[in-house]
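Below are the chains, spelled out letter by letter.
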Amino acid sequence: MKPPPTVHVVIGITLEPRRPASLPRVLITLRPADTVLGGYWEFPGGKREPGESDHACLVREFHEELALPVEPTRALPVIEHRYDHRRVVLRPYYCRPLTDSPPIAQQVDAWKWVEPAELTDHRFPPANAALLARIAQDLAAPAP
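The following refers to the structure shown. (Residues numbered from 1 in each chain as written. Predicted model: local features only at pLDDT ≥ 70, side-chain atom pairs only at ≥ 80, totals over all residues. Heavy atoms only, no water.)

### What to know about the side chain of Glu65
Note the following rule: Runs of H or I in DSSP of at least four residues are treated as helices and runs of E of at least two as strands, each being numbered from the N terminus. Using a 1.4 Å probe on the protein chains alone, a residue whose accessible area is under 20% of its type maximum counts as buried, one over 50% counts as exposed, and one in between counts as partly exposed. When charges are counted, Lys and Arg are positive and Asp and Glu negative, with His and the chain ends excluded. Here, a salt bridge means any side-chain nitrogen of Lys or Arg that lies within 4 Å of a carboxyl oxygen of Asp or Glu. Here a polar contact is taken to be a pair of N or O atoms separated by no more than 3.5 Å, where protein atoms must pair a possible hydrogen donor with a possible acceptor and residues adjacent in sequence count only if both atoms sit in side chains. Should any heavy atoms of two residues lie within 4.5 Å, those residues are counted as being in contact.
With respect to the helices, strands and loops of the structure, Glu65 is situated in helix 1 (residues 54-66). Buried charge Glu65 goes without a salt bridge, the closest partner of opposite sign being Arg31 at 6.8 Å. From its side chain, Glu65 meets the backbone nitrogen of Gly45 in a polar contact 3.4 Å long. Ignoring anything within four residues of it in the chain, the contact list for Glu65 reads Pro44, Gly45, Ile104, Ala105, Gln106, Gln107 and Val108.

See below:
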């Protein structure tokens, strides 16, 4: 049996601008209903084109999906996950928005800013499970 194809996806964890570091909120988007995993929430990003760098992919995807200029700032560990239909290699990065303007939903059904602890209240693709825990830990408020 032939193994499923592998897709390389670059995603951005973006913090809301002009928000105190002690109260971070993260940008998430809703996948269009008529796509694979439609109706799931995810971090903005997408498939990396042949010859395209991770950074260029993020800049392009954020522009296409949300008209939001960003700058990748820090890579997180790569995540590999096998679905029935394909194998996905996720390349997550923290990103900094380059504007205070709100995103514009262009290729997503919706977007919103959520607190890190609220990420697990949303239905994300299974490949994101460990990443959600990592983000919540990275962005947890310091103890008083």
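Further notes follow.
### Things to note about the sheet that holds strand 3 (residues 41-42)
Quick reminder of the rule: Note on pairing: two strands pair once DSSP finds at least 2 bridges between them.
The three strands are arranged 3-2-8 in an open sheet whose pairing can be described as antiparallel. Two strands in the sheet have a free side with no partner beyond their single neighbour: strand 3 and strand 8 (110-114). Pairing geometry for strand 2 (residues 26-30) and strand 8, over five bridges, is antiparallel. Counted as the bridge partner of Leu30 is Ala110 from strand 8.

### A word on the nonpolar core
Formally: Take the buried residues of types Ala, Val, Leu, Ile, Met, Phe, Trp, Tyr and Cys, join any two whose side-chain atoms come within 4.5 Å, and each joined set is a nonpolar core.
Counting 23 residues, the largest nonpolar core has Ile13, Phe43, Leu119, Leu131 and Ile135 as its most contacted members. By residue number, the principal contributor to this core is strand 1 (residues 6-14), which donates four residues. Once residues within four sequence positions are removed from consideration, Leu119 is found in contact with Ile28, Phe43, Val114, Phe124, Leu132 and Ile135. Formed by twelve residues, the second largest nonpolar core is a distinct cluster that contains Leu27, Val70, Cys95 and Val108.

### Quick notes on the state of the cysteines
Just so we agree on the cut-off: For this text, the term disulfide refers to a pair of cysteine sulfurs within 2.5 Å.
What the rule picks out here adds up to zero disulfides. With no disulfide of its own, Cys57 has Cys95 as its nearest cysteine by sulfur position, at a separation of 10 Å. The exposure class of Cys57 is buried, given its relative accessible area of 0%. Classification of Cys95 by relative accessible area gives buried; the value is 5%.

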